[in-house]
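Analysis of the macromolecular model
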Amino acid sequence: MSQLPSLESLAWRTRPGILGAHSASPESIHALLGYYLRDRNSPSPYPGRDGLLDGSLFDWGVAPPLEKVIRGPEELSLLLGMPEVYRQAVHVVEPWKNVGINLQGEEVRASKNVAYILQQVADLDTVLYPMWDSGVFDARRLAHATSAGIATVVQGGNPSAYDPASFAGSAASLEQMLSFTDELLLRRSTDSGPSIFICLGHQLAAVSQIRLLRRAVNEIEALAYLSLDDEGRALESLRRVACKIREMGASLQVIKNGECIADGWEHPMFAVARNEDVEVGTRQLLPYRDRAHSHIPLELNDTHALVADDLDGVIDTLMSHERTLEIEMFHSDEVNLEAALFANWAFKLLHDSLVPLRYQVAVSPLAWLLSLPYAVEILSQTQVDEEHWTEVSTTCIYYKDWETHTLRRSFTCQFHPELMADIRDIGKREGPRYAELKDNDGARLLVRLLYHGMQE
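Counting of residues starts from 1 at the beginning of each chain's written sequence and follows it residue by residue. For this predicted model, a pLDDT threshold of at least 70 governs which residues receive local features, and a threshold of 80 or more governs which side-chain atom pairs are given and counted, while totals over whole chains, interfaces and linings are taken from all residues. Hydrogens and water are ignored here; the side-chain numbers use all heavy atoms of the structure.

**Some points on the nonpolar core**
If you look at the biggest cluster of nonpolar residues, it comprises 86 residues, and the most contacted ones within it are Phe180 and Phe342. Those residues in contact with Phe180 that sit more than four places away from it in its chain are Val93, Met131, Val136, Ala139, Leu142, Ala143, Thr146 and Val154. To qualify as a nonpolar core, a set must consist of buried Ala, Val, Leu, Ile, Met, Phe, Trp, Tyr and Cys residues joined through side-chain atoms within 4.5 Å. Only protein chains enter the accessibility calculation, which uses a 1.4 Å probe; a residue is then buried when its area is under 20% of its type maximum, exposed when over 50%, and partly exposed in between. What makes two residues a contact is simply this: any of their non-hydrogen atoms within 4.5 Å.

Structure (structure tokens):
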């Protein structure tokens, strides 16, 4: 058995936080997130320390506050031995070594920006999982570990969520990243933090949602007997729902520029495909608006309208309360509108069908179905050009508690809220001062998602 690395050899801090005279706590972090959000001009809560870099090298694994990097099971085991550390940190997952190349020709490692913003705003520590380097050595355990913290952020990257070959050169294949994302989507429970999926992460989440629905349908149809269901009525009810989901998924087409690019939910580009045009740079975030698409069944749009009217996805509320929101786009793929509407419809249909059957399901091999999302709402869009839109710019993934009916949320966004307008990572550019972060739309959105997620 290999020996665990020591805290001393890794130079890991055991005291949460780095800016304050006292250790950070969930209560202090939550209060400082709220302080940051309440206006755009109040001063830093850490006077004289709002230049976090202090002229030093800002990179992962070099020095605090970026010292905690999980490169394998040994580091993960060491971290799990310190619940006071991992439970009040944000866990950042990198599927790729960078999120792209900017106009200056620089690789952009945006995970550093996430860490910088959260430390500067609330003295909130970050743990990094560079899966492109470490591989996905235990998808289920990694998902349990990351979801036990304040939040999990799944970052972006160059590969495409529909093309396994695009992950060549990474220690984590597309299938391994999707297996981890599957597990993460099933971990949003009463003792977990929200997940925030950014860019490629947003696309991986969309593919995983379809994978989970296909798995659910296959396992329902294959099950011969359901406990506490002597007459077979519960299983027959589930089979009718599974059949309806399968028929809708198999018949739904994805149309772009008048051409069918994916025929049914088995197609690799059903959930994610190339955008009609590359969208890079500053964009205005606009509320999602349903447009007439004759190939999309009205049932899918109607179900989405019902969810949108009933639930609060935070980002949609933010757009109505804040000034015009400008964010940074940095990818040429997009989540397909058809798949997002289908996933919302199918999750809600399955959830509502499970409600009266949950006791039978809870003691069966289908018990994992109770961990599926309740609904997926499209919250916003951006305009690519005069004719094209990125309709699924952000989503809220809702989970409903079976007994209390309380809601929990995770979020996905196509854009990079952690990047400034220059599309550079911290370390290659000066670290933004607190006042700059206080007035930055993307940073405010990222912090607001964390702030609300901590309350659930």
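**Considering the layout of surface pockets**
Rolled over the atoms, a probe with the dimensions of a water molecule shows which regions are left empty. The method works on a 1 Å grid over the protein atoms by themselves. A cavity is a set of points holding a 1.4 Å probe that cannot get out, a pocket is an open set with protein on both sides within 12 Å along at least five of seven lines, and residues with an atom within 4 Å of a point line them. Grid points are joined across faces, edges and corners, and a volume is the space filled by probe spheres set on the points. Approximately 270 Å³ is the volume attributed to the largest pocket. Only DSSP runs of H or I reaching four residues or more are called helices, and only runs of E reaching two or more are called strands; each is numbered from the N terminus. When residues of the lining of the largest pocket are traced back to their parent elements, those giving at least two are β5 (253-256), β9 (326-335), α13 (337-354) and β11 (389-400). Broken down by class, the residue content of the lining of the largest pocket amounts to five nonpolar, six polar and seven charged. Residues were grouped as follows: Ala, Val, Leu, Ile, Met, Phe, Trp, Tyr, Cys and Pro as nonpolar; Asp, Glu, Lys and Arg as charged; and all remaining residues, including Gly, as polar.

**As for empty space enclosed by the protein**
Tallied over the full model, the rule gives three cavities of 30 Å³ or more. Approximately 60 Å³ is the volume found for the largest cavity. His202, Ala206, Gln209, Val335, Ala340, Val376, Val392, Thr395 and Thr412 are the residues that line the largest cavity. Among the elements of the structure, α9 (200-222) and β11 are those that each provide at least two residues to the lining of the largest cavity. The greatest single-element share of the lining of the largest cavity, amounting to three residues, is contributed by α9. By residue class, the composition of the lining of the largest cavity is five nonpolar, four polar and no charged.

**Section: the pattern of salt bridges**
Side-chain pairs of opposite charge can arise where the charged atoms are in close proximity. Criterion for a salt bridge: a side-chain nitrogen of Lys or Arg within 4 Å of a carboxyl oxygen of Asp or Glu. Taken as a whole, this structure holds 31 salt bridges when the rule is applied. Here Arg140 makes a salt bridge to Glu183, at a shortest N to O gap of 3.5 Å. Taken together, the positions of Arg140 in helix α7 (residues 139-147) and Glu183 in helix α8 (residues 174-185) put the pair 43 residues apart, joining distant regions of the chain. The residue Arg187 makes a salt bridge to Glu183 at a minimum N-O spacing of 3.0 Å. Since its relative accessible area comes to 17%, Arg187 is described here as buried. If you follow the salt bridges from partner to partner, you end up with Arg13, Glu67, Lys68 and Asp125 in one network.

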